[in-house]
Amino acid sequence: MDKKHALIRRPSPRLADGLVTHIERSPVDVELAKRQWEDYVAALHDAGWQTHEVAPADDCPDAVFVEDTMVVYGDTAVIARPGADERKPETPAAEAAVRELGYRIARIEAPGTLDGGDVLKFGGTVWVGRGGRTNDEGIAQLAAHLEPLGARVVTVPLTKVLHLKSAVTALPDGTVVGYEPLVDDPGVWENFLAVPEESGAHVVLLDGETILMAADAPRTAELYRERGYRVIEVDISEYEKLEGCVTCLSVRLRGMPD
Ligand SMILES: CN(C)C(=N)NCCC[C@H](N)C(=O)O
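Let me sum up the structure you'll find in this document. (Residues numbered from 1 in each chain as written. Predicted model: local features only at pLDDT ≥ 70, side-chain atom pairs only at ≥ 80, totals over all residues. Heavy atoms only, no water.)

## Brief notes about the pattern of salt bridges
Next up, step 1: Here the structure, examined in full by the defined rule, presents 15 salt bridges.
Next up, step 2: The partner of Asp17 in a salt bridge is Arg14, and the shortest N-O contact between them spans 3.5 Å.
Next up, step 3: According to the relative accessible area criterion, Arg14 is partly exposed, its value standing at 39%.
Next up, step 4: Salt-bridge contacts for Asp136 lead to Arg130; the nearest nitrogen and oxygen are separated by 2.7 Å.
Next up, step 5: Since its relative accessible area comes to 47%, Asp136 is described here as partly exposed.
Next up, step 6: Salt bridges sharing common partners tie together Arg10, Glu38 and Glu53. (Salt bridge = Lys/Arg side-chain N within 4 Å of Asp/Glu carboxyl O. Buried < 20%, exposed > 50% of the residue type's maximum accessible area, 1.4 Å probe, protein only.)

Spelled out as structure tokens, the structure:
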């Protein structure tokens, strides 16, 4: 069976200067963060994923959150135009990495802004959070790129957290999971499931039965196990201090369950 592929980007030595918008800044232990990143990558490898490193961007504190640089749909990679100016230099090397892997490239252009973390895909539907980082023009451009490929693009309000995937992600069966106090409108999803912990709302699908999530949501992990999933937990405390979560640290490529 073909390996599953994911992009990753190692943390910058300036990680501790990463952006913080909705939470209080607290000191980041960069050495611990590097070890946590190695463990995250090892968890992907253990689950049968092959990783491809985007060239490091040592001057960009938030570059490790590589998910934000693009939206991949089928054989197309739509290169994001980050809503935060500090993050705009992150995209050229990310684009080079997916181009090298054979993706067709499309781009969000000014005045559009869009961060990959604002985009949740499942079964042909693409929900996009319109909030701090992604604007209407960015969403319109994404729709123009993806709708001809068969996607249905739905705009979702987002005011309480940084990115849509800070609020909700989807389980392998399509259930959308979220920590309700941080979800603007849970009614957007017919199959919404409220989880008891904030970081329990963030899952990376490793295969149809296996979920990767942060280690600080044990009650939610148990809930997922009760639903029959194998749950792998990783400690990403240093990234959470920068409003990062498990999804942000990779981009899953072709053939992945979204
Ligand atoms: C789903 N999420 C949360 C992401 N995809 N990205 C997190 C980026 C965090 C960074 N400090 C920033 O403020 O941009």
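Read on, since the account is not over.
## Looking at the packing of aromatic side chains
Next up, step 1: Per the stated rule, a full pass over the model turns up two aromatic pairs.
Next up, step 2: A ring pair is formed by Phe65 and Tyr239, whose centres lie 6.1 Å apart and whose planes are at 90°; its orientation type is edge-to-face. With Phe65 in the loop between strand S2 (49–53) and strand S3 (70–73) and Tyr239 in helix H6 (residues 237–240), the pair connects residues that are 174 residues apart, well separated along the chain. One exposure class covers both Phe65 and Tyr239, and it is buried. (Phe/Tyr/Trp six-rings, centres within 6.5 Å; stacked < 30°, edge-to-face > 60°. Helix = DSSP H or I, 4+ residues; strand = E, 2+ residues; numbered from the N terminus.)

## Considerations on the sheet that holds strand S7 (residues 125–130)
Next up, step 1: Strand order in the open sheet formed by three strands is S6-S7-S8, with mixed pairing between adjacent strands. Two strands bound the open sheet, and with one partner strand each, they are strand S6 (119–122) and strand S8 (152–157). Strand-to-strand twist of the sheet, defined as the mean angle between neighbouring strand axes without regard to direction, takes the value 20°.
Next up, step 2: For S7 and S8, the ladder comprises six bridges, and the chain directions are parallel. From the neighbouring strand, Val128 faces S8, where its bridge partner is Thr155.
Next up, step 3: Taken strand by strand, helix H3 (residues 136–146) contacts S6, S7 and S8, and its axis lies near 165° from that of S7. (Pairing = 2+ DSSP bridges. Axes fitted to C-alpha atoms, helices over the stretch in contact; angles between N-to-C directions. Contact = heavy atoms within 4.5 Å.)

## Regarding the nonpolar core
Next up, step 1: One finds Leu15, Tyr40, Leu44, Leu212 and Tyr239 to be the most contacted residues of the largest nonpolar core, which totals 27 residues.
Next up, step 2: Of all the elements in the fold, those that place two or more residues in this core are strand S1 (4–8), helix H1 (30–46) and strand S13 (210–214).
Next up, step 3: Those residues in contact with Leu15 that lie beyond four places of it in its chain are Val28, Val30, Ala33, Pro61, Val64, Tyr239 and Leu242.
Next up, step 4: If you look at the next biggest cluster of nonpolar residues, it comprises 16 residues, including Tyr73, Val126, Ala143 and Val153. (Core = buried A, V, L, I, M, F, W, Y, C linked by side-chain atoms within 4.5 Å.)

## Focus on the site of the ligand
Next up, step 1: Taken together, 17 residues lie near the ligand, and Glu67, Asp68, Arg87, Arg133 and Leu242 sit nearest.
Next up, step 2: Between a nitrogen atom of the ligand and a side-chain N or O atom of His163, the distance comes to 3.2 Å.
Next up, step 3: The separation between a nitrogen atom of the ligand and a polar main-chain atom of Leu242 is 2.8 Å.
Next up, step 4: Taken atom by atom, the bulk of the ligand overlaps the second largest cavity.
Next up, step 5: Residue composition of the shell around the ligand, by class: six nonpolar, four polar and seven charged. (Near = heavy atom within 4 Å. Polar contact = N/O pair within 3.5 Å; in protein donor to acceptor, adjacent residues only side chain to side chain. 1 Å grid on protein atoms, 1.4 Å probe; cavity = no way out; pocket = protein on both sides within 12 Å on 5 of 7 lines; lining within 4 Å. Sits in = over half its atoms within 2 Å of the grid points. Nonpolar A, V, L, I, M, F, W, Y, C, P; charged D, E, K, R; others polar.)

## Topic: the sheet that holds S3
Pairing between the strands of a sheet comes from backbone hydrogen bonds, and it takes one of two forms, parallel or antiparallel.
Next up, step 1: Reading across from one edge, S3-S4-S5 is the order of the three strands in this open sheet, with mixed pairing throughout. In this open sheet, the two edge strands, each paired with only one partner strand, are S3 and strand S5 (104–107). With direction set aside, neighbouring strand axes in the sheet form an average angle of 25°.
Next up, step 2: Looking at chain direction, S3 and strand S4 (residues 76–79) are connected through four bridges and run antiparallel. Directly across from Val71, in S4, lies its bridge partner Val78.
Next up, step 3: In the packing of helix H2 (residues 91–100) onto the sheet, contacts are made with S3, S4 and S5, and the angle to S5 comes to roughly 155°.

## A word on the state of the cysteines
Next up, step 1: Scanning the model with the defined rule gives zero disulfides in all.
Next up, step 2: Between Cys60, a cysteine without a disulfide, and Cys248, which holds the nearest cysteine sulfur, the sulfur-to-sulfur distance is 16 Å.
Next up, step 3: Residue classification places Cys60 among the buried positions, given a relative accessible area of 7%.
Next up, step 4: For Cys248, a relative accessible area of 5% puts it in the buried group. (Disulfide = S-S within 2.5 Å.)

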